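Chains, contacts and geometry: an overview
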Amino acid sequence: MSEHAKLVIPSDPAKLVDVDAFAEHWIGDMPFTDDQRDDIAISLSEAVNNAIQHGNANDARKRVTVVLRRFEDGLRIEVTDEGNGFDPDAVADPTDPENLLSESGRGLLIIRHLMDEVHVRPADGGTRVELIKRYHD
Ligand SMILES: Nc1ncnc2c1ncn2[C@@H]1O[C@H](COP(=O)(O)OP(=O)(O)O)[C@@H](O)[C@H]1O
Ligand SMILES: [Mg+2]
């Protein structure tokens, strides 16, 4: 099995199931626990959802590229959209009392909690969110 795999989808939330199946299959033989697999699936789905909704503004002509890479300590996921990027530190804090009743704004918080590292970087014509999950803390 190769050390990385790539899937490109149009910005259509119906494609989230394909992303999920693609990742589940590809990481199948990596030595993650079931809990870690759940963490990865949830985080990937939140990141792709954000790429579709916020990055690509639900424009089906714009694509989201998902790359999975294995490295010695675990898995690196790259989710790249064709949007203008954002500053994750400037995003409203969903745990702020004033935002507690808001239904939105939890995706990034969840991702940060479940993954070991989260980075947002400018990419060629878009934004790349990198998620890292290690086998051991
Ligand atoms: N790929 C992205 N491109 C641009 N902005 C993003 C992206 N991902 C997240 N954001 C910004 O970060 C905010 C918080 O994301 P998130 O915690 O998932 O909450 P929600 O998706 O419910 O708004 C979004 O509302 C958006 O402003
Ligand atoms: Mg979100």
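Attention in this report is confined to the structure presented alongside it. (Residues numbered from 1 in each chain as written. Chains lettered and ligands numbered in written order. Predicted model: local features only at pLDDT ≥ 70, side-chain atom pairs only at ≥ 80, totals over all residues. Heavy atoms only, no water.)

**Topic: the site of ligand 1**
Around ligand 1, the surrounding shell consists of Asn50, Ala51, His54, Gly55, Asp81, Phe86, Val91, Ser104, Gly105, Arg106, Gly107 and Leu108. Measuring from an oxygen atom of ligand 1, one finds a side-chain N or O atom of Asn50 at 2.8 Å. Between ligand 1 and the protein, one listed contact pairs a nitrogen atom with a side-chain N or O atom of Asp81 at 2.9 Å. Here ligand 1 has 530 Å² of accessible area as a free molecule, and 79% of this is covered by the chains. At the level of elements, α2 (34-55) and α3 (107-114) are the ones that each hand at least two residues to the shell around ligand 1. Residues that form the shell around ligand 1 fall into these classes: four nonpolar, six polar and two charged. (Near = heavy atom within 4 Å. Polar contact = N/O pair within 3.5 Å; in protein donor to acceptor, adjacent residues only side chain to side chain. Areas by Shrake-Rupley, 256 points an atom, 1.4 Å probe, with all protein chains shown as cover. Helix = DSSP H or I, 4+ residues; strand = E, 2+ residues; numbered from the N terminus. Nonpolar A, V, L, I, M, F, W, Y, C, P; charged D, E, K, R; others polar.)

**Looking at helix α1 (residues 16-26)**
For α1, the set of buried residues is Leu16, Val19, Phe22, Ala23 and Trp26. Along the long axis of α1, the arc covered by the buried residues comes to 125°, so they all point the same way. Set apart from the buried face of α1 by more than 90 degrees, the exposed residues are Val17, Glu24 and His25. If you follow the buried residues of α1, they end up packed against β1 (4-10), α2, β2 (63-71) and β3 (74-81). (Buried < 20%, exposed > 50% of the residue type's maximum accessible area, 1.4 Å probe, protein only. Arc of directions from axis to C-beta. Contact = heavy atoms within 4.5 Å.)

**Quick notes on the packing of aromatic side chains**
By the definition in use, this model includes one aromatic pair. Judged by centre distance (4.7 Å) and plane angle (50°), the rings of Phe32 and Tyr135 are tilted. You can see Phe32 sitting in the loop between α1 and α2 and its partner Tyr135 sitting in the segment after β5 (126-134), a full 103 residues away along the chain. In this pair, the class of Phe32 matches that of Tyr135, namely buried. Over the ring of Trp26 we find Arg70; its NZ or CZ atom is 4.7 Å from the centre of that ring. (Phe/Tyr/Trp six-rings, centres within 6.5 Å; stacked < 30°, edge-to-face > 60°. Lys NZ or Arg CZ within 6 Å of the ring centre and 35° of its normal.)

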